[in-house]
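A closer look at the structure
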Amino acid sequence: MASQRRKSRSESLTLRYAILGGWALFCLMPVLWFLSIGFRPRTEIITAQPIYWPTFSLDAFWMIFEDWPMWKYLRNSVLAIIGSVLIDLVLAIPAAYSLSRYTYRGRDDIGFYILSTRMMAPAIVAIPIFFLFRNAGLLDSVWALMLIYAAINLSFVTWIIRSYMMDIPKELEDAAKTDGAGDLRILWEIIIPAILPGIITASVIAMIFAINEFLFTLLIASTPNAYTMSVALANFTGGSDGLIYNAIALVAFLAFVPVFIVVVAIQKHLSRGLTMGAVKG
Amino acid sequence: MARIELSGIQKRWGKVVGVRDVDIEIADEEFVVFLGPSGCGKTTTMRMIAGLEEPTEGEVIMDGEVMNDIDARDRDVAMVFQGYALYPNMTIYENIRFPLRMREVPKGEQDALVRRAAEMTELTDYLDRKPSALSGGQRQRAALARAIVRQPQVFLMDEPLSNLDAKLRQAMRVQIKHIQRQLKVTTVYVTHDQIEAMTLADRIVIMEGGAIQQIGTPDDIYNDPANTFVAGFIGSPPMNLVEGAIDAGTFTAQGIEVTGLPAALSGNVVLGFRPEDCTVGGNTPHLKGSVFGVEPTGDLTYLTIKVGGQQIEVKADRAFRAELDTEITVTFDPARICLFDAKSGERLR
Ligand SMILES: Nc1ncnc2c1ncn2[C@@H]1O[C@H](COP(=O)(O)OP(=O)(O)OP(=O)(O)O)[C@@H](O)[C@H]1O
Ligand SMILES: [Mg+2]
């Protein structure tokens, strides 16, 4: 009896791993496929017959780093994204604190207004923003990208953090107050640590949005000086060389890697963060 | 350390009335217990003393100074919250130390104070844990430790022992009283538990429906209830209350007749007598009814008698036994009888 139960248990475990493994493979397929394209010679890409065991080649790799300033693109991406997330947090945390903690006239309207900026189609504001940045002399710089990414993400970063803050019992702050803590200290020592998973979740989502951002980046980064990975990708689609598939694949992969590393590193907080809003305590 | 005065305190949220009309003066170093049913405004009153809630009307005065506009953090009170309110990201040690850090107690003294508070609440072994890794009772003790770690002007304790088992509760009760006497800190304490109120309090404040029903020493409250609410709330089982008519010093209700009462009273009244002031039998019994229940507990027997559709509780001798539904008579101690106005419920003296 007992041994049978143990056996069926280990069987179900195997099954579980098989299913999860299958799912993981399914999800990773595009990535693996990209890798395989990125690391094969150009001649093996544009053929009619499928090639199951391609030749390994670093052609594309050398090409993107030698013929294009790929490091610079990568650096631009990383700088603009990290900078924008920092700007967002600095602005969103106090805003969310205020929206979730104080009652004042028009609070809910302000909250909704902040969120509503996200509902607008980006194309509507593209032209005004272009002129705004041009007149401010901000075109073609990483700083401008930082600002624009921050602006795009600020609304939902504020919103996510606000919802986490609403879940913190008011008694916690009351306790800190009677213990003698001031508002800033309460924010810094009690609230922020308590909603860290939420802050991390919001940051990661903001990063992913930013790394995929294309329209405004193209608009504002008018020269390769401020190009990021996402715009650089577009560079491989035209010109005398035609579509350089293996280079595109490789660059796409490079754009994917930083986010992947970040997500894996903070995975623990992230999965907790995504569920915490729903289940209190 | 501080005198507290609540004068004409009211708290309303729109139409909801939390606290109706509270007037009380609490002496320096006094231990006052607020007792009352759930939702009667105990926590709200306490939060107004702490400065976490602003009274809609009235004044909170400490040592002669009106505190209404003084921030919670500047009032120098230490509070145990009903929901514990431990800081989830800090260990128990850091939780207990937090008020010391905020009040800028010298670094060198902090550790000893934290350990002393942990010892008093039997938490020494749990100092490195996060609150989420503690049981309900342990969390509650941590909340208590965080309050008693320093010597504030006022202790505010909102049901600080509600989640402990009987034995630990008794030990903590003694501990709290001891700390309060030692530190000489004015204490306001909220509880549902009568025993806690009786044993801890210098004075008990009975609240109901947002208003104070009676303020008095435990003896006053028990022996001299001001109205039917207090009489029916205090004691276990509480005072028996029987509605009837009084005329020329004689109270009559179905199955009950009591003579020799004040002759000045007439009309409808409520007669109150405690279960322990009753004797079964007697030559000139006051009450006649049938046995409804007999519950021996070892040191006494709870006897429930059915009289005129109402149940009367009597504490009988531990050897007392009776068949159900048999006739039984009871005599009261006339000196211990209380009379209340039938309409207002106020005590008639
Ligand atoms: N923020 C609030 N808004 C509206 N009504 C409130 C608020 N806080 C408390 N109340 C109401 O005020 C009344 C008193 O509440 P309070 O918390 O003081 O009760 P309590 O005596 O502490 O009860 P318990 O013993 O259950 O803790 C309750 O009826 C409650 O519903
Ligand atoms: Mg309460």
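Computed from a predicted model, the values in this text were never measured in an experiment.

Turning our attention to the overall build of chain A. What chain A contains, in helices and strands, is 13 helices and 0 strands. Element order for chain A, N to C, with α for helix and β for strand: α-α-α-α-α-α-α-α-α-α-α-α-α. In summary, chain A has a C-alpha radius of gyration of 24 Å against a globular reference of 19 Å for 281 residues, an excess of more than 25%. The C-alpha extent of chain A, read off along each of the three principal axes, is 80 × 70 × 30 Å. Burial status across chain A gives 40% buried among its 281 residues. Across chain A, the fraction of contacts at a sequence separation of at least 24, relative to all contacts at a separation of at least 6, is 76%. Element-wise, carbon and sulfur atoms account for 70% of the exposed surface of chain A, whose accessible area totals about 16300 Å². Of the side-chain charges in chain A, 21 are positive and 18 negative, and the distance between the mean point of each set is 9 Å.

This part takes up the coordination of the magnesium ion (ligand 2). All names here are of chain B. For the magnesium ion (ligand 2), the full set of protein donor atoms is Thr43 (OG1) and Gln82 (OE1), at a range of 1.8 to 2.4 Å. Taken together, the residues span a long stretch of sequence, with Thr43 in helix 1 (residues 42-50) and Gln82 in the loop between strand 6 (77-80) and helix 2 (92-102) at a distance of 39 residues. Look at Thr43 and you get partly exposed, because its relative accessible area is 24%.

What follows is about the packing of helix 8 (residues 183-194) of chain A against helix 9 (residues 196-212) of chain A. All names here are of chain A. In contact at an axis separation of 4 Å, helix 8 and helix 9 are set at 65° when each is read in the N-to-C sense. Here Ile192, Pro193 and Ala194 of helix 8 lie close against helix 9, whose contacting residues are Leu196, Pro197 and Ile199. Classifying every residue of the contact of helix 8 with helix 9 gives 6 nonpolar, no polar and no charged.

Moving on, we get to the domain arrangement of chain B. Residue and element names in this part refer to chain B. Taken domain by domain, chain B comprises domain 1 (4-231) and domain 2 (237-348). A C-alpha centroid distance of 38 Å is found between domain 1 and domain 2. At the interface, 9 residues of domain 1 touch 12 residues of domain 2. Approximately 890 Å² of surface area, both sides summed, lies buried where domain 1 meets domain 2, with 45% of it carried by carbon and sulfur atoms. Looking only at domain 1, the three residues that lose the most surface to domain 2 are Tyr222, Thr228 and Ala231, adding up to 57% of its buried area. Applying the counting rule to domain 1 against domain 2 returns 1 salt bridge. Between Arg347 and Asp224 there is a salt bridge whose closest N-O contact spans 3.3 Å. Linking domain 1 with domain 2 are 8 residue pairs in polar contact (both at pLDDT 80 or more), by the criterion used here. Sorting the residues of the side of domain 1 that touches domain 2 by element identifies helix 7 (218-223) and helix 8 (228-233) as the ones contributing at least two each.

Residue and element names in this part refer to chain B. Backbone torsion omega between Ser236 and Pro237 reads -5°, so that peptide bond is classified as cis. By secondary structure assignment, the location of Pro237 is in the loop between helix 8 and strand 11 (240-247). Even without being glycine, Glu159 reaches a positive phi, approximately 45°. Within the secondary structure, Glu159 is located in the loop between strand 7 (154-158) and helix 5 (166-183).

On to the site of ligand 1. Residues and elements named next belong to chain B. Near ligand 1 you find 13 residues, and of these Ser38, Lys42, Thr43, Thr44 and Gln82 are the closest. The separation between an oxygen atom of ligand 1 and a polar side-chain atom of Lys42 is 2.7 Å. Note that an oxygen atom of ligand 1 is positioned 2.8 Å from one of the side-chain N or O atoms of Gln82. For the shell around ligand 1, the elements supplying multiple residues, two or more each, are strand 2 (16-26) and helix 1. Among the residues making up the shell around ligand 1, the classes are represented as 3 nonpolar, 8 polar and 2 charged.

All names here are of chain A. The domain boundaries assigned to chain A delineate domain 1 (2-38) and domain 2 (64-280). Placing the centre of domain 1 and that of domain 2 at their C-alpha centroids yields a distance of 33 Å. Taken together, the contact between domain 1 and domain 2 spans 5 residues of the former and 7 residues of the latter. Here domain 1 packs against domain 2, burying approximately 550 Å² in sum over the two surfaces, 88% of which is carbon and sulfur. Between the two partners, domain 1 and domain 2, sit 0 residue pairs in polar contact (both at pLDDT 80 or more). By residue class, the composition of the side of domain 1 that touches domain 2 is 4 nonpolar, 1 polar and no charged.

What follows is about the environment of Ala50 of chain B. Summarising the element assignment, Ala50 of chain B is placed in helix 1. Beyond its immediate stretch of four places on either side in the chain, Ala50 of chain B contacts Thr178 of chain A together with Ala72, Arg75, Val77, Met79 and Leu156 of chain B.

Take the interface of chain A and chain B next. If you look at the interface, chain A gives 18 residues, while chain B gives 24 residues. Applying the counting criterion to the chain A and chain B interface returns 4 salt bridges. With a shortest N-O distance of 3.4 Å, Asp183 of chain A and Arg73 of chain B are connected by a salt bridge. Element by element, the count of residues in the side of chain A that touches chain B is highest for helix 7 (residues 170-178) of chain A, at 8 residues. Of the residues assigned to the side of chain A that touches chain B, the class counts are 7 nonpolar, 3 polar and 8 charged.

Calculation rules
Residues numbered from 1 in each chain as written. Chains lettered and ligands numbered in written order. Predicted model: local features only at pLDDT ≥ 70, side-chain atom pairs only at ≥ 80, totals over all residues. Heavy atoms only, no water. Helix = DSSP H or I, 4+ residues; strand = E, 2+ residues; numbered from the N terminus. Rg over C-alpha atoms; globule rule 2.2 N^0.38 Å. Buried < 20%, exposed > 50% of the residue type's maximum accessible area, 1.4 Å probe, protein only. Contact = heavy atoms within 4.5 Å. Areas by Shrake-Rupley, 256 points an atom, 1.4 Å probe, with all protein chains shown as cover. Lys, Arg positive; Asp, Glu negative; His and termini not counted. Charge placed at Lys NZ, Arg CZ, Asp CG, Glu CD. Donors = N, O, S within 2.8 Å, 3.2 Å for Na, K, Ca; no water. Axes fitted to C-alpha atoms, helices over the stretch in contact; angles between N-to-C directions. Nonpolar A, V, L, I, M, F, W, Y, C, P; charged D, E, K, R; others polar. Domains from an automatic or database assignment. Buried area = accessible area lost by both parts, 1.4 Å probe. Salt bridge = Lys/Arg side-chain N within 4 Å of Asp/Glu carboxyl O. Polar contact = N/O pair within 3.5 Å; in protein donor to acceptor, adjacent residues only side chain to side chain. Near = heavy atom within 4 Å.

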